[in-house]
Amino acid sequence: MARDRRLTILEIGPALPETIEFFSAFRCRLHFAAMYSDPVLRMQNEDHSEAELAEHMVKSFGFQKGTRFDLCLFWDFLNYLDDKALRAFNTALQPYLQKTTRAHAFTVRTLDTSLPNQQYGVEQPHMFSIRPRKEKQARTTPHTQAILVNLLSSFDIDQGMLLPDGRLEVLMTASSVSPS
């Protein structure tokens, strides 16, 4: 990322001190979306439609009209959404993407891979911070790379790296962007 370019960044999760410190070296606007504690994780288990879930997420995000993200840090959040909720997340996020939007996420190689109850931050250009999440872990519904690209259709996976614990770390680029 060019330090002289103004960036707009979405972090799905809490504002960790190391992430704020890291991005303070850039001209950027950070948006933190506390989705790990959002009611949508409960709502997806109830009788809500995909459209209702997407509408709830847009309200939870609270992004200003015209916001366009350069970088989205999804971490492992996508694995906490069932198929319907993940499609709703895709719909809710799509208006805030541009053709140059990049994203980072963790997915799984196989569906029996367990996800640790962790939260993530950015410490250095090639190093994340990882710490245990204090809250009880919500129910997970892991998605393999193939499932993820079908349900999160606004993104294409550019690169993936298999981690020793069976998770895949993926870098994505926005693929289908609605006109501004």
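Please refer to the structure placed before this passage.
Residues numbered from 1 in each chain as written. Predicted model: local features only at pLDDT ≥ 70, side-chain atom pairs only at ≥ 80, totals over all residues. Heavy atoms only, no water.

Asks: Any chance you could explain the overall build of the protein here in plain terms?
Replies: Helix and strand content of the protein: five helices and eight strands. Along the chain direction, N to C, the helices and strands of the protein fall in the order β-α-β-α-α-β-α-β-β-β-α-β-β. Relative to the globule expectation of 16 Å for 180 residues, the C-alpha radius of gyration of the protein, 15 Å, shows essentially globular dimensions. Based on the C-alpha atoms only, the size of the protein along its principal axes is roughly 45 × 40 × 30 Å. In the protein, which comprises 180 residues, the share counted as buried stands at 49%. Nonlocal contacts in the protein, meaning residues at least 24 apart in sequence, comprise 67% of its contacts between residues at least 6 apart. For the protein, the accessible surface area stands at approximately 9200 Å², while carbon and sulfur atoms represent 52% of it. Distance from the positive charge centre (20 side chains) to the negative charge centre (21 side chains) of the protein: 5 Å. (Helix = DSSP H or I, 4+ residues; strand = E, 2+ residues; numbered from the N terminus. Rg over C-alpha atoms; globule rule 2.2 N^0.38 Å. Buried < 20%, exposed > 50% of the residue type's maximum accessible area, 1.4 Å probe, protein only. Contact = heavy atoms within 4.5 Å. Areas by Shrake-Rupley, 256 points an atom, 1.4 Å probe, with all protein chains shown as cover. Lys, Arg positive; Asp, Glu negative; His and termini not counted. Charge placed at Lys NZ, Arg CZ, Asp CG, Glu CD.)

Asks: I would appreciate a short explanation of the pairing of strand β4 (residues 97-108) in the present structure.
Replies: One face of the sheet, then the other: side chains in a regular strand alternate in exactly this way. In the sheet, strand β3 (residues 69-75) pairs with β4 via five bridges, with the strands oriented parallel. Note that in β4 the partner of Phe69 across the bridge is Leu97. Taken together, β3, helix α4 (residues 83-93) and β4 form a β-α-β motif whose crossover is right-handed. The pairing of β4 with strand β8 (residues 167-174) spans seven bridges and is classified as antiparallel. Bridge assignment links Val108 to a residue of β8, and that residue is Arg167. (Pairing = 2+ DSSP bridges. Right-handed = clockwise from strand over helix to strand, strands pointing away.)

Asks: What am I meant to see in the environment of Ile9 here?
Replies: Structurally, the position occupied by Ile9 is in strand β1 (residues 7-12). Accessibility expressed as a relative area gives 0% for Ile9, which makes it buried. The sequence separation of Ile9 and Asp165 amounts to 156 residues, and the corresponding C-alpha distance is 28 Å. With sequence-adjacent residues up to four places away left out, Ile9 is seen in contact with Phe23, Cys28, Arg29, Leu30, His31, Phe69 and Leu71.

Asks: It is not clear to me how the pattern of salt bridges should be interpreted in this structure. Could you clarify?
Replies: Two side chains that carry opposite charge are able to pair once their charged atoms sit near each other. As enumerated under the stated definition, the model contains seven salt bridges in all. Measuring nitrogen to oxygen at the nearest pair gives 3.9 Å for the salt bridge that ties Asp76 to Arg133. Note that Asp76 is positioned in the loop between β3 and α4 and Arg133 in the loop between β6 (127-132) and α5 (145-151), a separation of 57 residues in sequence. Close ionic contact of Arg167 with Asp165 constitutes a salt bridge, the shortest N to O distance being 2.7 Å. (Salt bridge = Lys/Arg side-chain N within 4 Å of Asp/Glu carboxyl O.)

Asks: Sorry, what's going on with the packing of aromatic side chains here?
Replies: Each pair of aromatic rings is reported with the distance of its centres and the angle of its planes. Enumeration according to the criterion identifies 16 aromatic pairs in this entry. Their ring planes at 80 degrees and their centres at 5.0 Å tell us that Phe22 and Phe23 sit as a pair that is edge-to-face. Note on accessibility: Phe22 and Phe23 belong to one class, buried. Centroid distance Phe106 to Tyr120: 5.0 Å. Interplanar angle 40 degrees. Geometry classified as tilted. (Phe/Tyr/Trp six-rings, centres within 6.5 Å; stacked < 30°, edge-to-face > 60°.)

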